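This is what each chain is made of:
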Amino acid sequence: MLNYLWACMIMVGIVYAAFTGRMPEITNAALDSSKEAITLCITMMGVMSFWVGFMEIATKAGIVEGASRRIRPIIRFLFPYLPKGHPAEGPITTNIIANVLGLGWAATPAGLKAMEELGKLEEDRREGKFPGPVRKRGIASNEMCTFLIINISSLQLIPVNVIAYRSQYGSVNPAAIVGPGIAATAVSTVVAVIYCKMMDGKRGG
């Protein structure tokens, strides 16, 4: 749907420019934007490579595993019907840690894996293998909804993407966003947890 919207907006802009005699401005804007996009991608690639590499080192050093054990009580609180030791637990933990560190791109593969495992869990519940509320096919489970909301509202200690954007566009102090970012994401996370718990109760969780 978004592809159609963007295509429509571009076509309207081109047609409007053609009728108002502003095609040169459109051409220059397209060229300048393309150059800026490439520059931004290179900047983001460097920043993300650094943090993804840092995450990989932390994983091999056992730091991520240690952090996973520490936040396991939080996982149990957020997902009370998730069976202990279920394959979804690992990806969920990795996703949360990556998001807290501001590594949204690095968190995506773990998030996809977590949703896949949660889907399998729902199928197992339908077969009576695990306890917990069962939803109709095509309707997201409590765990899926909770994971998605927590993922979107996630607390971020280091907003890597925003820092990179601010650096690219000439900010004097790109890291000045860290404090406000922590405050904003902390509030959004608390609200998300409260909302999820309220909805769990209404949905029979």
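Scroll up a little and you will see the structure.
Description of the structure in this document. In this text, all values refer to a predicted model and were calculated from it rather than measured experimentally. Counting from 1, residues in each chain are numbered in the order their sequence is written. Local features are withheld for residues below a pLDDT of 70 in this predicted model, meaning they are given only at 70 or higher, and side-chain atom pairs are given and counted only at 80 or more; totals for whole chains, interfaces and linings count all residues. Just so you know, side-chain values use all the structure's heavy atoms and leave hydrogens and water out.

**Some remarks on the overall build of the protein chain**
Working step 1: Numbering of helices and strands runs from the N terminus, with a helix taken as a DSSP run of H or I at least four residues long and a strand as a DSSP run of E at least two residues long. Counting its regular elements, the protein chain contains 8 helices and 0 strands.
Working step 2: Beginning at the N terminus, the succession of helices and strands in the protein chain can be written as α-α-α-α-α-α-α-α.
Working step 3: Here the term buried applies to any residue with accessible area under 20% of the maximum for its type, exposed to any over 50%, and partly exposed to those in between, with areas from a 1.4 Å probe on protein chains only. Within the protein chain, the fraction of its 205 residues that count as buried is 31%.
Working step 4: Looking at the protein chain alone, contacts between residues at least 24 apart form 65% of all its contacts between residues at least 6 apart.
Working step 5: When the accessible area of the protein chain is evaluated, it comes to approximately 12700 Å², of which 70% is carbon and sulfur surface. The contact criterion used throughout is that any non-hydrogen atoms of two residues lie within 4.5 Å. Computed with the Shrake-Rupley method and a 1.4 Å probe, the accessible areas treat only the protein chains shown as cover for residues.

**A short note on the pattern of salt bridges**
Working step 1: Between Lys or Arg on one side and Asp or Glu on the other, a salt bridge is scored when a side-chain nitrogen of the former is within 4 Å of a carboxyl oxygen of the latter. Evaluated as defined, the whole model comprises 5 salt bridges.
Working step 2: Arg-72 is paired through a salt bridge with Glu-89; the nearest N and O atoms lie 3.2 Å apart. Taken as a pair, Arg-72 in helix H3 (residues 63-78) and Glu-89 in helix H4 (residues 89-100) lie far apart in primary sequence, 17 residues in all.
Working step 3: Taking the relative accessible area as the measure of exposure, Arg-72 reaches 31% and is therefore partly exposed.
Working step 4: Exposure remark for Glu-89: the relative accessible area of 10% places this residue in the buried category.
Working step 5: Here Glu-89 makes a salt bridge to Arg-76, at a shortest N to O gap of 3.3 Å. Residue Glu-89 is found in helix H4, and its partner Arg-76 is found in helix H3; the two are separated by 13 residues along the sequence.
Working step 6: Relative accessible area serves as the criterion here: at 27%, Arg-76 is assigned to the partly exposed category.
Working step 7: Here the residues in one salt-bridge network are Lys-113, Glu-116, Glu-117 and Lys-120, joined through shared partners.

**Thoughts on helix H6 (residues 142-153)**
Working step 1: Here, expected helix span is obtained from the residue count minus one, scaled by 1.5 Å. Between its first and last C-alpha, H6 extends 17 Å over 12 residues, near the 16 Å set by a 1.5 Å rise per residue.
Working step 2: Within H6, burial applies to Asn-142, Glu-143, Met-144, Thr-146, Phe-147, Ile-150 and Ser-153.

**Re the packing of aromatic side chains**
Working step 1: Here a pair means two rings of Phe, Tyr or Trp (six-membered ring of Trp) with centres within 6.5 Å. Their orientation is stacked below 30 degrees between planes, edge-to-face above 60, and tilted elsewhere. A complete count under the given rule lists 0 aromatic pairs for this structure.
Working step 2: For a Lys NZ or an Arg CZ to count as sitting over a ring, it must be within 6 Å of the ring centre and within 35 degrees of the ring normal. Above the ring of Phe-77, the side-chain terminus of Lys-197 is found at 4.5 Å from the ring centroid.

**So, the environment of Thr-189**
Working step 1: Of note, Thr-189 is situated in helix H8 (residues 178-202).
Working step 2: Residues Thr-189 and Ile-152 lie 37 residues apart in sequence; the distance between their C-alpha atoms is 8.8 Å.
Working step 3: Setting aside chain neighbours within four positions, we find Thr-189 in contact with Ser-153, Ser-154 and Leu-155.

**Here's the deal with the nonpolar core**
Working step 1: In this description, a nonpolar core means a group of buried Ala, Val, Leu, Ile, Met, Phe, Trp, Tyr and Cys residues linked to one another through side-chain atoms lying within 4.5 Å. Formed by 23 residues in total, the largest nonpolar core has its most connected members in Ile-75, Phe-79, Leu-82, Ile-92, Ile-96, Leu-118 and Phe-147.
Working step 2: With 5 residues, H4 is the single largest residue contributor to this core.
Working step 3: Excluding its chain neighbours within four sequence positions, the residues that come into contact with Phe-147 are Phe-79, Ile-92, Asn-95, Gly-111, Ala-114, Met-115 and Leu-118.

**Considering the environment of Thr-93**
Working step 1: With respect to the element layout, Thr-93 can be found in helix H4.
Working step 2: Given the relative accessible area of 4%, Thr-93 is considered buried.
Working step 3: Distance in space between the C-alpha atoms of Thr-93 and Arg-72 is 7.8 Å, their sequence separation being 21 residues.
Working step 4: Beyond its immediate chain neighbours, meaning those up to four positions away, Thr-93 contacts Ser-68, Ile-71 and Ile-75.

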